[in-house]
Amino acid sequence: MEHESNPESTNKADKQKDKKLRSKIKPFVPHGDHNARDLRSWAKRTGFVSIFSGEVGSSSSARGGGGGSVPPRVANDSEIGPEVNPNRNSSSNNNNNETEPILQERGEDHGTAGNVGGPVVMENNNNNNNNNNNNNKDEEEEVIDIKYPGGDEGDFGAQNPPEIKCGIRDNPGLVPLMYYGMQHYLSLAGSLVFVPLIIVPAMGGTDKDTATVISTIMLVSGLTTILHSYFGTRLPLVQGSSFVFLAPALVIINAHEYRNLSENKFRHIMRELQGAIIVSSIFQCIIGLSGLMSLLLRLINPVVVAPTIGAVGLAFFSYGFPLAGSCIEISVPQILLVLIFSLHLRGVSVFGNRVFQIYAVPLSIVIIWVYACFLTAGGAYNYKGCSADIPVSNMLTDSCIKHAYTMKHCRTDASNAWATADWIRIPYPLQWGIPIFHLRTSIIMAVVSFVASVDSVGTYYSASVHINGKPPTRGVVSRGIGLEGFCSVLAGLWGTGGGSTTLTENAHTVAITKVASRRAVEVGAVILIIFSFIGKVGAILASIPQALAASLLCFVWALVVALGLSALRYTHTASFRNIMIVGVSLFIGLSLPAYFQQYQPETAFILPGYFIPYSAAADGPIHSGNKQFDFIMNALLSMNMLVTLLMAIVLDNTVPGGQQERGVYRWSTSDDLSSDPSSLDDYKLPSKVSRVFRWAKCLDA
């Protein structure tokens, strides 16, 4: 009688044969340049078959080879997890819809810092449970984990770590520290001192008031930077009056009750801003020091941070060139020159330093300012019978009234800040008077302080990557946010017109200067404090023509947008999910506020065109009968950055997507500390201070 073959014994024999065959196959070990041809050659030898797709989440067809051979399969996100561990054993289900890898040719760049050359394939032993067939549950199957270019940053983006001249704890000596500190602050000059050039004239302040506010900002920036370097995240980050607080300040300035004020208008509005900033700062302190920020970090990812910071810069497009256009002969050369320095000449090195890239802002503004002085001295802005010193309300002839705007914004001698400012003046708390507290303005600033916290979170992570260190723990991030709240209280008491937060451009400064020394930033902060006591320094900066300042701000705001969108390098940039969330968030964040900003077109006859977007709080479409509620809602929904943040948070946390695809921030944990106790030393508080905060476990490094 002929023996009939048993299907179960046949399958078992085939699987044992496959297991022996796979045990002889060596895993793919990539070379330094990750050539895609090497991976294809390995796949051909091992029988690995895959359909490559440029879009994450595409369905894969059956992977199979002839002869009943079962090739190794690609692990999906749920199996890989946020970190790839080649020694990990896990059990998972076979999903029909698996995430496909992207193979890139040698030298191809997908815009990520971690995977530059292509996918990295590693061997992993994985227990595989088959939903369709529950037999052979204990059988081990080899799994090939593939890192996505653009989706996994390796060791926090430090697979090819950037070169650093001076590390975070290095002390090269007093003279180099002074040089590096001044270099750091000069590269941030546009963000530090230009906010008062916008808000003080809008508040009805004089040139002397502008100089005083600039000196105050320099003092508070120096003090808060030193506090942050000792008690915050301890990263080399400069604190200052961020552009995040500029939009709500302009909203409050353009409220109905302040438009027609004539006597002490500047001081009254400044006291209103002080009260709102102090209340919002207390709210930010509570979020940080209570540990609540550690929970909120679960909602904050690169797909949220990127459009939010981008919207901060895009929100001022209606202010930039409309004001700079009042003096084309100054503003256009300024924009061209700063672009040439920062882009075309960024690789030019002088004595080993990329001078044009690092000092693009101060160099360009000095050159164009001298050029504007020649134009003024040469009579380019002289009009017969007209004087820039006479207020517009006192001018009698129509020709002088016509040219008054040009003379005010273009002439280098239009400001009297130098003549009126004191040589020595020390800014002091409550110098403008007792703060005024109103519920509506306090709520607006409190909500905006959360946007500033999101901005700071992205900067913390980027800065930690640039200094070759591990990302901080969630407790360190909470500690940094809490201290920023305390620093904003100081800004409110001194009266800077805005809160104090980590400047977005910090990470860019560390990247181009290659200096990450905490001591250098502290020495620079001390120098800034000394300069704040010299009133004429603030007067010089206050004398910059407004058209020149606006043209430079066009570049600074564009830089903020670029730095915001650069956070996407931590995500899978080819993912349709990610780019769609960013696109929708930015579009709605610009379009919805535009509806509120343009609801009352008659405001165009009252305010300058570049201030119309900030009048929506008083003239918006929401009319519930409660004026306080109407003011709050119209103001919040007219701010681009806030609407963008809300859209991004909702979409990123509701649309399905793996952690690797989303690029979820991987903050350091206690496990990292146990495996490498010295890895988080950069974030630890000084020993005497840490004893005081031993009770606050949520703030530990």
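To be clear, the structure that these remarks concern was listed above.
Conventions we followed
Residues numbered from 1 in each chain as written. Predicted model: local features only at pLDDT ≥ 70, side-chain atom pairs only at ≥ 80, totals over all residues. Heavy atoms only, no water. Helix = DSSP H or I, 4+ residues; strand = E, 2+ residues; numbered from the N terminus. Buried < 20%, exposed > 50% of the residue type's maximum accessible area, 1.4 Å probe, protein only. Areas by Shrake-Rupley, 256 points an atom, 1.4 Å probe, with all protein chains shown as cover. Expected span 1.5 Å × (residues − 1). Contact = heavy atoms within 4.5 Å. Polar contact = N/O pair within 3.5 Å; in protein donor to acceptor, adjacent residues only side chain to side chain. Phe/Tyr/Trp six-rings, centres within 6.5 Å; stacked < 30°, edge-to-face > 60°. Axes fitted to C-alpha atoms, helices over the stretch in contact; angles between N-to-C directions. Left-handed = near helix turned anticlockwise from the far one by under 90°. Nonpolar A, V, L, I, M, F, W, Y, C, P; charged D, E, K, R; others polar. 1 Å grid on protein atoms, 1.4 Å probe; cavity = no way out; pocket = protein on both sides within 12 Å on 5 of 7 lines; lining within 4 Å. Points joined across faces, edges and corners; volume = space filled by probe spheres on them. Salt bridge = Lys/Arg side-chain N within 4 Å of Asp/Glu carboxyl O. Parallel < 35°, antiparallel > 145°, perpendicular 65-115°, else oblique.

A. Region of the structure containing the overall build of the protein chain. Of regular secondary structure, the protein chain possesses 31 helices and six strands. Looking at the protein chain as a whole, 54% of its 701 residues are labelled buried. With the model as given, the accessible surface of the protein chain reaches about 30500 Å², and the carbon-plus-sulfur share is 60%.

B. Seen up close, helix α22 (residues 518–532). For α22, which comprises 15 residues, the first-to-last C-alpha distance of 21 Å matches the rise-based estimate of 21 Å (1.5 Å per residue) to within 8%. Burial of α22 is extensive: 11 of the 15 residues sit out of reach of the surface. Turning to α22, its buried residues number three or more, namely Arg518, Ala520, Val521, Glu522, Val523, Gly524, Ala525, Ile527, Leu528, Ile529 and Ser532. In the core, the buried residues of α22 are packed alongside α4 (174–187) and α7 (207–231). For α22, the N-terminal cap is Ser517; the gap from its side-chain oxygen to the backbone nitrogen of Arg519 is 3.3 Å.

C. Up close: helix α24 (residues 546–565). For α24, built from 20 residues, the straight-helix expectation of 28 Å at 1.5 Å per residue is met to within 8% by its first-to-last C-alpha distance of 28 Å. Most of α24 is tucked away: 16 of the 20 residues are buried.

D. Quick look at the packing of aromatic side chains. The full count for this structure, using the stated rule, is 15 aromatic pairs. Aromatic side chains Tyr179 and Tyr180 sit 5.6 Å apart centroid to centroid with 55° between the ring planes, which places their arrangement in the tilted category. A relative accessible area of 35% means that Tyr179 is categorised as partly exposed. A relative accessible area of 18% places Tyr180 in the buried class. Seen from their ring centres, Phe266 and Trp432 are 5.1 Å apart, and the 90° between their planes marks the pair as edge-to-face.

E. Molecular detail of the packing of helix α14 (residues 328–344) against α24. One way to put it is that α14 packs onto α24 with a least axis distance of 9 Å and a crossing angle of 35°. As α14 packs across α24, the resulting crossing turns out to be right-handed. Taking contact as the criterion, the partners of Ile330, Ser331, Gln334, Ile335, Val338, Leu339 and Ser342 in α14 are, on α24, Ala547, Leu548, Ser551, Leu552, Cys554 and Phe555. Its residues assigned to classes, the contact of α14 with α24 comprises nine nonpolar, four polar and no charged.

F. The arrangement of the layout of surface pockets in detail. Quantified by volume, the second largest pocket comes out at close to 1000 Å³. Every element with two or more residues in the lining of the second largest pocket is listed here: α5 (189–193), α12 (302–314), α14, α15 (355–358), α16 (360–377), α19 (439–466), α21 (506–513) and α24. By residue class, the composition of the lining of the second largest pocket is 18 nonpolar, 18 polar and six charged.

G. Structural context of the pattern of salt bridges. Enumeration over the complete set of coordinates arrives at six salt bridges. In this structure, Asp682 engages Arg169 in a salt bridge whose closest nitrogen and oxygen atoms are separated by 2.7 Å. One end of the pair, Asp682, is in the loop between α30 (670–675) and α31 (687–692); the other, Arg169, is in the loop between β4 (140–146) and α4, and 513 residues separate them in sequence. Of the charged contacts in the structure, one is a salt bridge between Asp413 and Arg411, with a shortest N-O distance of 2.9 Å. Look at the salt bridges and you will find they share partners, linking Arg577, Asp652 and Arg662 into a network.

H. Fine view of the environment of Ile622. On the secondary structure map, Ile622 appears in the loop between α26 (616–619) and α27 (627–637). Judged by relative accessible area, Ile622 falls into the partly exposed class, the value being 21%. Spatially, the C-alpha atom of Ile622 lies 7.3 Å from that of Met633, the residues being 11 residues apart in sequence. When neighbours within four sequence positions are excluded, Ile622 is seen to be in contact with Phe596, Asp630, Met633, Asn634 and Leu637.

I. Representation of the packing of α7 against helix α20 (residues 474–494). In contact at an axis separation of 10 Å, α7 and α20 are set at 155° when each is read in the N-to-C sense. The orientation of α7 relative to α20 falls into the category roughly antiparallel. Regarding α7 and α20, the two cross each other, and that crossing is right-handed. Of α20, the residues touching α7 (which contributes Thr216, Leu219, Val220, Leu223, Thr224, Leu227, His228 and Phe231) are Arg479, Gly480, Leu483, Glu484, Phe486, Cys487, Leu490, Ala491 and Trp494. In the contact of α7 with α20, the residues fall into 11 nonpolar, four polar and two charged.

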